[in-house]
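Structural overview for review
In case you want the letters, here they are:
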Amino acid sequence: MAKTASTPGGSGKASGAQKEKDAPPPPPEPLRVPVADSHTHLDMQSGTVEEALAKAASVGVTTVVQVGCDLAGSRWAAEIAAAHESVWATVALHPNEAPRIVLGDPDGWSRQGAREPGGDAALDAALDEIAALAALPQVRGVGETGLDYFRTGPEGMAAQERSFRRHVAIAKEHGKALVIHDREAHDDVLRVLAEEGAPDTVVFHCYSGDAAMATICAERGYYMSFAGNITFKNAQPLRDALAVAPLDLVLVETDAPFLTPVPYRGRPNAPYLIPLTLRAMAEVKGVPEDTLATAVAANTARVFGY
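Residues numbered from 1 in each chain as written. Predicted model: local features only at pLDDT ≥ 70, side-chain atom pairs only at ≥ 80, totals over all residues. Heavy atoms only, no water.

1. Quick word on the side chain of Asn-96
Counting through the fold element by element, Asn-96 comes out in the loop between β3 (87–91) and α4 (97–103). Looking at Asn-96, its side chain comes within polar contact range of the side chain of Thr-152, at 2.7 Å. Beyond its immediate sequence surroundings of up to four residues, Asn-96 is in contact with Asp-148, Arg-151, Thr-152 and Gln-160. (Helix = DSSP H or I, 4+ residues; strand = E, 2+ residues; numbered from the N terminus. Polar contact = N/O pair within 3.5 Å; in protein donor to acceptor, adjacent residues only side chain to side chain. Contact = heavy atoms within 4.5 Å.)

So this is what it looks like as structure tokens:
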């Protein structure tokens, strides 16, 4: 995360506040039962992979799932997982990446910079590479894929759905977990899964639905992964969803460097902060910390087959 440069005449107070905002939160008390961070983006975090893994392990987060969002990120995820025993990979084109490939990205919002429109042929070629990566043994999931109606407008919906459907097929072809990004698109995500026939293992990453949707997910055997935003003041619908989610279908994640849990919201997130989210989840579920940790550890290993 970039530091904000100080300006002549700027207040020392503002500079100090910015430094605090950019500073990593302190390590929490270690977990007694080791768990996995089921969804993280090490390629978007500061420091080395080795540093991140050591810091996570020191608080009981002994496994991480590195998630791909585009071709470059998916290749990197596969490479990192091959190099580290405690890392597994997932590969995919993020829902917001698909329209950029098809329609172009003139503003260079994505990490690739400005891009020309490539049409459906370019999307299909990118998906072919995702399919090839999904066959690798260290790649244990296909995702994050799905639908995002928050950041992509109506003009990008066709590309998103085309991409999502192909990811479902790739997950089924290779027997890998399907990791879903669902933002303001609950009904359509569930519809596509029903129409395509869901893979054996489906994970709703950074679960964003309500309790009613959690009941539907539970009925269909879909896993729900909860992130640091469950600690946010305005997140009562998420806490209500967790309350009704079966213990054997619950995962925990950071989605780092995003969604840092309270009391460090707004500061950089990383796998070592998983204990804060897990403890908040245990409180919502009304179970001891160790009970929840034991369950999510087993669930994550079952989902990603390690």
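Next comes the rest of the write-up.
2. Some remarks on the side chain of Gln-45
By secondary structure assignment, the location of Gln-45 is in the loop between β1 (35–40) and α2 (49–57). Looking at Gln-45, its side chain comes within polar contact range of the side chain of Thr-40, at 2.9 Å. With sequence-adjacent residues up to four places away left out, Gln-45 is seen in contact with Thr-40, Ala-256, Pro-257, Asn-269, Ala-270 and Pro-271.

3. Here's the deal with the pairing of strand β5 (residues 177–183)
The buried fraction of β5 is high, at 6 of 7 residues. Sheet analysis places strand β4 (residues 139–148) next to β5, joined by 6 bridges and oriented parallel. In the strand pairing of β5, Leu-147 is matched with Asp-182. Since β4 and β5 lie parallel, the crossover through helix α6 (residues 157–174) that links them has a hand, and here it is right-handed. (Buried < 20%, exposed > 50% of the residue type's maximum accessible area, 1.4 Å probe, protein only. Pairing = 2+ DSSP bridges. Right-handed = clockwise from strand over helix to strand, strands pointing away.)

4. Considering the pattern of salt bridges
Enumeration over the complete set of coordinates arrives at 14 salt bridges. Notably, a salt bridge pairs Glu-289 with Arg-279, separated by 2.9 Å at the nearest N-O pair. Taken as a pair, Glu-289 in helix α11 (residues 289–304) and Arg-279 in helix α10 (residues 274–285) lie far apart in primary sequence, 10 residues in all. Several salt bridges share partner residues, and in doing so they unite Glu-161, Arg-165, Asp-188, Arg-191, Glu-195 and Glu-196 into one network. (Salt bridge = Lys/Arg side-chain N within 4 Å of Asp/Glu carboxyl O.)

5. Observations concerning the sheet that holds β1
With respect to topology, 8 strands assemble into an open sheet ordered β1-β2-β3-β4-β5-β6-β7-β8, the strand pairing being parallel. The outermost strands of the open sheet, each flanked by one partner alone, are β1 and β8 (250–252). Taking each pair of neighbouring strands and ignoring which way they run, the sheet shows an average axis angle of 30°. Where β1 meets strand β2 (residues 61–67), 4 bridges bridge the pair, whose relative direction is parallel. Residue pairing for β2: Asp-37 is matched across the bridge by Val-64. Running at roughly 135° to strand β7 (residues 223–226), helix α8 (residues 211–220) makes contact with β5, β6 (202–204) and β7 of the sheet. (Axes fitted to C-alpha atoms, helices over the stretch in contact; angles between N-to-C directions.)

6. Side note on unusual backbone geometry
Here Ala-256 and Pro-257 are connected by a cis peptide whose omega angle stands at 15°. With respect to the helices, strands and loops of the structure, Pro-257 is situated in the loop between β8 and α10. Residue Pro-263 is bonded to the preceding Val-262 through a cis peptide linkage, with omega at 15°. By the element assignment, Pro-263 lies in the loop between β8 and α10. Of note, Cys-206 is a non-glycine position whose phi angle comes to about 45°, a positive value. Cys-206 sits in the buried class, given a relative accessible area of 14%. A positive phi angle is found at Leu-259, which is not glycine, with a value near 55°.

7. With respect to α6
Taking 1.5 Å per residue, 18 residues should reach 26 Å; α6 reaches 26 Å between its end C-alpha atoms and fits that length. The inward-facing, buried residues of α6 abut α4, α5 (119–134), β4, β5 and α7 (186–196). Directly beyond the C-terminal end of α6, a positive phi value near 65° is found at Gly-175. (Expected span 1.5 Å × (residues − 1).)

8. Overview of the packing of aromatic side chains
How two aromatic rings sit relative to each other is set out by the distance from centre to centre and by the angle between their planes. Tallied over the full model, the rule gives 3 aromatic pairs. Consider the rings of Phe-204 and Tyr-222, whose centres lie 5.9 Å apart with planes at 35°: the pair is tilted. Here Tyr-222 lies in the loop between α8 and β7 and Phe-204 lies in strand β6, a separation of 18 residues in the sequence. Across the pair, exposure class does not vary: Phe-204 and Tyr-222 are buried alike. A cation over a ring is seen here: Arg-183 above Phe-150, with NZ or CZ 3.6 Å from the ring centre. For the cation-ring pair, Arg-265 lies above Phe-232, with the distance from its terminal atom to the ring centre recorded as 3.7 Å. (Phe/Tyr/Trp six-rings, centres within 6.5 Å; stacked < 30°, edge-to-face > 60°. Lys NZ or Arg CZ within 6 Å of the ring centre and 35° of its normal.)

Read these as geometric descriptors, not functional statements.
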